[in-house]
Amino acid sequence: MNRVTYYTACSLDGFLATEDDSLDWLFRQRIDEDGPMNHGAFMAGVGALVMGATTYGWVVDHGERTGEPWAYTVPTWVVTHRQFPPTENDVRFVSGSVDSWWSDVTASAGDREIWVVGGGDLAGQIADAGQLDRMLVQYAPVTLGAGRPLLPRLQDFALVDVVRNQDFVCAEYSVVR
Ligand SMILES: NC(=O)c1ccc[n+]([C@@H]2O[C@H](COP(=O)([O-])OP(=O)(O)OC[C@H]3O[C@@H](n4cnc5c(N)ncnc54)[C@H](OP(=O)(O)O)[C@@H]3O)[C@@H](O)[C@H]2O)c1
């Protein structure tokens, strides 16, 4: 069974991004890329990514703006009703209930971890379907007041671990089913 992890950074008041999808508040924070809960170490165990349409659009726009190439060599599943332009990257578009596409995601990940990138409602849909195992959150020392929510659901978690990485409080939670 693949472990399924929602791994994300968020503000102290539980937002992934501002209402206009800005992450400027996040990128100005300090983080040790080799420190606790770092992206590279996490990514090394990942076999597939799952993200919603807004997040995918942001990643593509960001890549076009900065000239950064697509960062992922494993399949990326984008959950959407939209028609995105064709891409040479390994991006696979699905829509509808989690149950209708989840087995394809797990098959593509082999025996490796599945990274639920976000947004929050999509992570909630995956939790509702009983597929989410844990959440890794890097809390930045900033409040946004409003924005895209971390997980707009009532969902119990158990706190597994807390570490500091420079400006961030990094917390690991397991899903309580
Ligand atoms: N802080 C971080 O580390 C972090 C991490 C992840 C994301 N983010 C940011 O947070 C924001 C998240 O945006 P968001 O809250 O709008 O979430 P999202 O999951 O990125 O996008 C939501 C959209 O995905 C589509 N969707 C979701 N579930 C679906 C389903 N079952 N079937 C078909 N389509 C489905 C819908 O769009 P359509 O119906 O239009 O297709 C929905 O409006 C973005 O700005 C992203 O860049 C930040």
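What this report covers is the structure whose coordinates are included nearby. Small disclaimer: the values here were computed from a predicted structure and weren't measured.

**Some words on the pattern of salt bridges**
Inspection of the entire model under this criterion finds 9 salt bridges. Notably, a salt bridge pairs Arg3 with Glu113, separated by 3.4 Å at the nearest N-O pair. With Arg3 in the segment before strand S1 (4-10) and Glu113 in strand S6 (residues 113-118), this pair connects stretches of sequence that are 110 residues apart. Between Arg134 and Glu113 there is a salt bridge; the shortest N-O distance is 2.8 Å.

**Considering the environment of Leu49**
Counting through the fold element by element, Leu49 comes out in strand S3 (residues 46-52). Between the C-alpha atom of Leu49 and that of Gly147, which follows or precedes it by 98 residues, the distance is 23 Å. Dropping the residues within four chain positions of it, Leu49 is found in contact with Met43, Tyr72, Val74, Pro75, Thr76, Trp77, Trp115 and Val117.

**Brief notes about the site of the ligand**
Within the structure, the ligand sits among 24 residues, and Asp21, Thr55, Thr80, His81 and Arg82 are positioned closest to it. At 2.6 Å, a side-chain N or O of Thr55 approaches an oxygen atom of the ligand. The backbone of Val79 places a nitrogen or oxygen atom 3.5 Å from a nitrogen atom of the ligand. Its free accessible area being 930 Å², the ligand has 82% of it covered by the protein chains. When residues of the shell around the ligand are assigned to their parent elements, the largest contribution, 4 residues, is made by helix H3 (residues 53-66). Its residues assigned to classes, the shell around the ligand comprises 10 nonpolar, 11 polar and 3 charged.

**Quick notes on the sheet that holds strand S10 (residues 168-175)**
Taking strand neighbours across the sheet as the criterion, the 8 strands line up as S5-S4-S3-S6-S1-S7-S10-S9 in an open arrangement whose pairing is mixed. The sheet is open, and its two borders are formed by strand S5 (91-94) and strand S9 (157-165), each paired with just one other strand. The mean inter-strand angle of the sheet, taken between neighbouring strand axes irrespective of direction, is 20°. Inspection of the sheet shows S3 paired to strand S4 (residues 76-79) by 4 bridges, in the parallel sense. The residue bridging Leu49 from the neighbouring strand is Thr76, located in S4. Along the sheet face, helix H4 (residues 98-109) touches S1, S3, S4, S5 and S6 and points at about 145° away from the line of S3.

Calculation criteria
Residues numbered from 1 in each chain as written. Predicted model: local features only at pLDDT ≥ 70, side-chain atom pairs only at ≥ 80, totals over all residues. Heavy atoms only, no water. Salt bridge = Lys/Arg side-chain N within 4 Å of Asp/Glu carboxyl O. Helix = DSSP H or I, 4+ residues; strand = E, 2+ residues; numbered from the N terminus. Contact = heavy atoms within 4.5 Å. Near = heavy atom within 4 Å. Polar contact = N/O pair within 3.5 Å; in protein donor to acceptor, adjacent residues only side chain to side chain. Areas by Shrake-Rupley, 256 points an atom, 1.4 Å probe, with all protein chains shown as cover. Nonpolar A, V, L, I, M, F, W, Y, C, P; charged D, E, K, R; others polar. Pairing = 2+ DSSP bridges. Axes fitted to C-alpha atoms, helices over the stretch in contact; angles between N-to-C directions.

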